[in-house]
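What follows is the residue order along each chain.
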Amino acid sequence: MASQFSTNGASNSASDASYPSTAKSINDIPKSWTFTSKLPADSLFPTPAASHKTPRDEIGPRTVRDALFTWVRPQPVSSPSLLAVSPAAMRDLNILPGSESDADFVNTVAGNKLQGWDEAKQEGGYPWAQCYGGFQFGEWAGQLGDGRAISLFETTNPETRRRYEVQLKGAGLTPYSRFADGKAVLRSSIREFVVSEALNALGIPSTRALSLTLLPGVKVYRETTEPGAIVARFAESWLRIGNFDLLRARGDRDLIRKLATYVAEDVFGGWETLPGRLENPDKPTESAPPKRGIPADAIEGPEEVAENRFTRLYREIVRRNALTVAKWQAYGFMNGVLNTDNTSLFGLSIDFGPFAFMDNFDPSYTPNHDDYMLRYSYRNQPSIIWWNLVRLGESLGESIGVGSKVDDPKFVKDGVKEEDANGIIERAEKIIMQVGEECKAVFLGEYKKLMTARLGLKSFKESDFDELFSGILDTMEALELDFNLFFRRLSSVRVDELGTEAARKEKASVFFYKDGVTGTSEAEGRKRVGEWLGKWRQRVLEDWGDGQSVAEDQDKERMQAMKKVNPNFVPRGWILDEVIRRVEKEDEREVLDRIMHMALHPFEESWSGRSFDGKEYKGDVDEETRWTSDVPKIGRALQCSCSS
């Protein structure tokens, strides 16, 4: 794995300058197994030793009940080849730069070395796969689970105090593989490796990717035979709405309560960290942000809508997801398969299949070619996330609806009495509806903030939503303008270039593809973009000047601010397809390092020849130019399948 950095012989796989002195090898970073120590295991393998002594090929698909995970080790592989690592991931996990070349690192991220397990004593920390279900395309799919993902351990960065769960995707069969093979193809693994880190670099909450490993001896059949691979990935939590879906479907109320308690105490850091009741839950936009620091046993609000700690947990999960989907919409990202098993309780972008970043703006676009009803299209993402969150509300509904009696021993043991059912249902429905209004308010608040920043404005005016936000999106759709290129190119437009109607029409052409305007004539396109530029110019003058003019230094400051929020590079579908072809068919490796470097530094004007963390980066100028210019016509609005 060659580096793109010139370091005069020093370790060059990641930025040494940004690493704390506490960085260690993957063998020596701190490890824990909190998830498996606090939640019930599959009874067929009640201990790690019971799983470990079972021949690996005898641990396969079956129904698992009364458990949240199964102890299962990765399938051993021969001659794994490490293709790339993310320097940012190495840093965030506090892994020593350069140590990725060690055999123990490679064998850990390939699943051959079990960290924490004492083979001689047959005890210690052990890998596991989660049990969950889910609604797929709106239909109940039953037990799903980690069909090819196996978690290795948790590690806490001593500098940031953030705990991550490290997991391998493509690591072999588990009880949750159903009819699949437990493997992952190189094609989809490259896509997940890049996009996980790209989203994080854009400020969009996401699961992360540490490494990409080719499995030369593993061939995987999808539509054709493809090379196998493993992505080592990590997240604060891999729990999803689907974990609760399955428990609710099975009527396992004890495990619902136990899992909810684990999420509150061990994932979010304690019940007191959760957001309390709004001043006016029916009018969230008129309420101050919710207070935190509320004791676990506190009850808020009048009896008919009394909110206990499970409501606060629900509110936290809802608010996190509202913020994340707002970021997706503002940056034109589509997950492609927003099933409930792909919706994170932590509010992360998770499980990347047929995802995409928007090319020419089309709100009906879905990157999933199996999504015939456009359920997971760009336009529908906010409403689908809420649909999924309502399913979570139904799973927690009993605990939410019981209000102040949540810790009544009879309720805890026996559940809802028939005579109390209607009142509990009414209370739960009312609270979920109120949290729905809060979800909408959080989403819109974040979306307005992000779009205001992307347009280079300091403040939001209510008229901006229709005149600027909706105005330019409607124009982009009508003229088939590129979503992210528009904002990046707008970042370089000076206000003094837009002083007249003619000047604005002239400047409009910078937003058009070189192959011409579609949907209308060029003259009409220039007119329409020019009119919008006139409105935008006036708002810039108000925000950065005196309403009539703006100083040159202030306009430069505005442009620099815009370039810090409008990426020059996003990993589009056509770029990923090119990288996949070059790695898979032409055996290129360095292209992975280059696309990762651009993904980790998306807002730069250029990359090759520049200094990053005190080191000169040696990239490919022609490649960078192609990847940040017009999308080739044949590469726009690509779709792909869920097969990976």
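Note that the structure is predicted; figures quoted are calculated from it, not measured.

Caption draft 1: Highlighting the overall build of the protein. Counting secondary structure elements, the protein contains 20 helices and 16 strands. On C-alpha atoms alone, the protein measures out to a radius of gyration of 26 Å, which is about the 26 Å that the 2.2 N^0.38 rule sets for 644 residues. Summarising its shape, the C-alpha atoms of the protein cover approximately 75 × 65 × 50 Å along the three principal directions. Put simply, the protein has 644 residues, and 59% of those count as buried.

Caption draft 2: View of the packing of aromatic side chains. One pass over the structure, following the stated rule, counts 31 aromatic pairs. With a centroid separation of 6.0 Å and an interplanar angle of 15°, the aromatic rings of Phe443 and Tyr447 are classed as stacked. Pair noted here: Phe443 and Tyr447 are both in helix H12 (residues 421-454), with a separation of four residues, about one helical turn. Residue Tyr447 is classed as buried on the basis of its relative accessible area of 7%. Aromatic side chains Phe486 and Phe511 sit 4.4 Å apart centroid to centroid with 35° between the ring planes, which places their arrangement in the tilted category. A residue pair is termed long-range when its members are at least 10 positions apart, and Phe486 in helix H14 (residues 483-490) and Phe511 in the loop between helix H15 (501-507) and helix H16 (522-544) qualify at 25 residues. Note on accessibility: Phe486 and Phe511 belong to one class, buried. Over the ring of Phe346 we find Arg320; its NZ or CZ atom is 4.2 Å from the centre of that ring. Here the basic side chain of Lys458 rests over the ring of Trp544, its NZ or CZ set 4.2 Å away from the ring centre.

Caption draft 3: Here's a closer look at the environment of Asn566. Looking at where Asn566 falls in the secondary structure, it is placed in the loop between helix H17 (552-563) and helix H18 (573-584). If we skip the residues at most four places from it in the chain, Asn566 touches Arg454, Phe487, Arg488, Ser491 and Phe603. At a separation of 3.1 Å, a polar atom in the side chain of Asn566 contacts the side chain of Ser491.

Caption draft 4: Layout of the nonpolar core. Counting 179 residues, the largest nonpolar core has Leu210 and Trp536 as its most contacted members. Broken down by element, this core gets its largest block of residues, 11 residues, from helix H8 (residues 309-331).

Caption draft 5: The arrangement of the packing of H12 against helix H13 (residues 462-479) in detail. Two elements in contact, H12 and H13, have axes separated by 11 Å at closest approach and are oriented at 70°. One element, H12, and the other, H13, form an angle in the roughly perpendicular class. For the element pair H12 and H13, the recorded crossing hand is left-handed. Across the interface between the two elements, Leu444, Tyr447, Lys448, Met451 and Thr452 of H12 pack against Glu462, Phe465, Phe469 and Leu473 of H13. Broken down by class, the residue content of the contact of H12 with H13 amounts to six nonpolar, one polar and two charged.

Caption draft 6: Focus on a negative patch on the surface. Where like charges cluster on the molecular surface, the negative patch consists of Asp362, Asp474, Glu477 and Glu480. Turning to its location among the elements, Asp362 is positioned in the loop between strand S14 (356-357) and helix H9 (381-395). By relative accessible area, Asp362 is classed as partly exposed at 30%.

Caption draft 7: Just the confidence of the model for the protein, in detail. For the protein, the average pLDDT comes to 95, and 97% of its residues sit at 70 or higher. Low pLDDT, under 50, characterises residues 1-17; the stretch is placed with 43 contacts to residues that sit more than four places away or in other chains.

Caption draft 8: Broad picture of the environment of Leu592. Relative to the helices and strands, Leu592 resides in helix H19 (residues 590-600). On the basis of relative accessible area, Leu592 is assigned to the buried category, the value being 0%. For the pair Leu592 and Pro602, spaced 10 residues apart in sequence, the C-alpha separation works out to 15 Å. Ignoring sequence-local partners within four residues, the contact set of Leu592 consists of Leu83, Ala84, Ile190, Leu212, Val579 and Val583.

Caption draft 9: Structural detail: unusual backbone geometry. Phi is positive for Phe137, which is not a glycine, with a value near 55°. Relative to the elements of secondary structure, Phe137 occurs in the loop between strand S7 (133-136) and strand S8 (139-143). Judged by relative accessible area, which is 34%, Phe137 ranks as partly exposed. Positioned with a positive phi, Leu374 is a non-glycine residue whose angle comes to about 60°. Topologically, Leu374 is positioned in the loop between S14 and H9.

Caption draft 10: Inspection of the pairing of strand S3 (residues 81-85) at higher detail. Of all five residues in S3, five are buried, a share of seventy percent or more. In the sheet, S3 pairs with strand S11 (residues 208-221) via four bridges, with the strands oriented antiparallel. Of the residues in S11, the one forming a bridge with Ser81 is Leu214.

Thresholds, definitions, all that
- Residues numbered from 1 in each chain as written.
- Predicted model: local features only at pLDDT ≥ 70, side-chain atom pairs only at ≥ 80, totals over all residues.
- Heavy atoms only, no water.
- Helix = DSSP H or I, 4+ residues; strand = E, 2+ residues; numbered from the N terminus.
- Rg over C-alpha atoms; globule rule 2.2 N^0.38 Å.
- Buried < 20%, exposed > 50% of the residue type's maximum accessible area, 1.4 Å probe, protein only.
- Phe/Tyr/Trp six-rings, centres within 6.5 Å; stacked < 30°, edge-to-face > 60°.
- Lys NZ or Arg CZ within 6 Å of the ring centre and 35° of its normal.
- Contact = heavy atoms within 4.5 Å.
- Polar contact = N/O pair within 3.5 Å; in protein donor to acceptor, adjacent residues only side chain to side chain.
- Core = buried A, V, L, I, M, F, W, Y, C linked by side-chain atoms within 4.5 Å.
- Axes fitted to C-alpha atoms, helices over the stretch in contact; angles between N-to-C directions.
- Parallel < 35°, antiparallel > 145°, perpendicular 65-115°, else oblique.
- Left-handed = near helix turned anticlockwise from the far one by under 90°.
- Nonpolar A, V, L, I, M, F, W, Y, C, P; charged D, E, K, R; others polar.
- Patch = residues over 30% accessible without salt bridge, like charges linked within 9 Å, V, L, I, M, F, W, Y side chains within 5 Å.
- Areas by Shrake-Rupley, 256 points an atom, 1.4 Å probe, with all protein chains shown as cover.
- Salt bridge = Lys/Arg side-chain N within 4 Å of Asp/Glu carboxyl O.
- Lys, Arg positive; Asp, Glu negative; His and termini not counted.
- Charge placed at Lys NZ, Arg CZ, Asp CG, Glu CD.
- pLDDT = per-residue confidence, 0-100.
- Pairing = 2+ DSSP bridges.

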